[in-house]
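# Chain and residue survey
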Amino acid sequence: MMSRLEGILSESLVSDIGSSYQLYVIEKDGMRTACFLDLTTGSGLSGMGVLSSPPDVTLEVKEADLLSLIKGDLSPMTAYTTGRLRVTGNLQTAMQLGKVLPKIMGS
């Protein structure tokens, strides 16, 4: 997922979204993996680990639900309202990631 994400980063995407995201993925064994997406400057930046500055939004999701979100089998709003996607921060900012998810599959 991270390599596909890096392939879609652009100044246009940064201009359109302009926010940073910290994502915690809960794997099947319960391990929590951190990754980030920073769409605030330049062409954007993504990677494993924690952002160096506070994110605009923090999300937490199980690995299987993240894959369903990326594939389009689960809508972000449904994931949020059913508790499968936890959001800390502005919900509208979090929902802008819906613009990014389809691009990951299209890469």
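Since we're looking at a predicted model, the values are computed, not measured. (Residues numbered from 1 in each chain as written. Predicted model: local features only at pLDDT ≥ 70, side-chain atom pairs only at ≥ 80, totals over all residues. Heavy atoms only, no water.)

## Concerning the overall build of the chain
When helices and strands are counted, the chain shows six helices and five strands. In sequence order, the secondary structure elements of the chain are arranged as α-α-β-β-β-β-α-α-β-α-α. The C-alpha atoms of the chain give a radius of gyration of 13 Å, which matches the 13 Å a tight globule of 107 residues would have. Across its three principal axes, the chain shows a C-alpha extent of roughly 35 × 30 × 25 Å. Within the span of the chain, comprising 107 residues, buried residues form 39% of the whole. (Helix = DSSP H or I, 4+ residues; strand = E, 2+ residues; numbered from the N terminus. Rg over C-alpha atoms; globule rule 2.2 N^0.38 Å. Buried < 20%, exposed > 50% of the residue type's maximum accessible area, 1.4 Å probe, protein only.)

## Some details on the UniProt feature "domain: SCP2" (unreviewed entry) in the chain
UniProt marks residues 12–101 with the feature "domain: SCP2" (unreviewed entry), using the numbering shown here. As annotated, residues 12–101 comprises 30% helix and 32% strand, and the C-alpha atoms at either end are separated by 15 Å. (UniProt positions renumbered as here; feature names shortened; annotations may be inferred.)

## Details of the environment of Tyr-80
Following the sequence through the fold, Tyr-80 ends up in helix H4 (residues 76–81). Residue classification places Tyr-80 among the partly exposed positions, given a relative accessible area of 32%. Considering only alpha carbons, one finds Tyr-80 and Leu-59, 21 residues apart in sequence, at a separation of 9.9 Å. If sequence neighbours within four positions are ignored, Tyr-80 has contacts with Leu-85, Val-87, Leu-91 and Met-95. (Contact = heavy atoms within 4.5 Å.)

## Details of empty space enclosed by the protein
Taken as a whole and judged by the stated rule, the model has one cavity of 30 Å³ or more. The computed volume of the largest cavity comes to approximately 290 Å³. Lining the largest cavity are 23 residues, with Leu-23, Leu-59, Leu-66, Leu-97 and Leu-101 sitting closest to its centre. Counting only elements with at least two residues in the lining of the largest cavity, the list comes to helix H1 (2–8), strand S1 (20–26), strand S2 (32–38), strand S4 (57–62), helix H3 (63–71), strand S5 (85–89), helix H5 (91–95) and helix H6 (101–106). A breakdown of the residues in the lining of the largest cavity according to their chemical character gives 22 nonpolar, one polar and no charged. (1 Å grid on protein atoms, 1.4 Å probe; cavity = no way out; pocket = protein on both sides within 12 Å on 5 of 7 lines; lining within 4 Å. Points joined across faces, edges and corners; volume = space filled by probe spheres on them. Nonpolar A, V, L, I, M, F, W, Y, C, P; charged D, E, K, R; others polar.)

## Quick look at the nonpolar core
Formed by 27 residues in total, the largest nonpolar core has its most connected members in Tyr-21, Leu-23, Leu-37, Leu-39, Leu-59, Val-100 and Ile-104. Elements supplying a minimum of two residues to this core: H1, helix H2 (11–17), S1, S2, S4, H3, S5 and H6. (Core = buried A, V, L, I, M, F, W, Y, C linked by side-chain atoms within 4.5 Å.)

## Some points on the environment of Val-87
Positionally, Val-87 belongs in strand S5. Taking the C-alpha atoms as reference, Val-87 lies 14 Å from Pro-54; in sequence the two are 33 residues apart. Those residues in contact with Val-87 that sit more than four places away from it in its chain are Val-57, Thr-58, Leu-59, Tyr-80 and Ala-94.

## Notes on the packing of aromatic side chains
The tally for this structure, following the rule as stated, stands at zero aromatic pairs. The aromatic ring of Tyr-24 is capped on one face by Arg-32, whose charged end is 3.8 Å from the ring centroid. (Phe/Tyr/Trp six-rings, centres within 6.5 Å; stacked < 30°, edge-to-face > 60°. Lys NZ or Arg CZ within 6 Å of the ring centre and 35° of its normal.)

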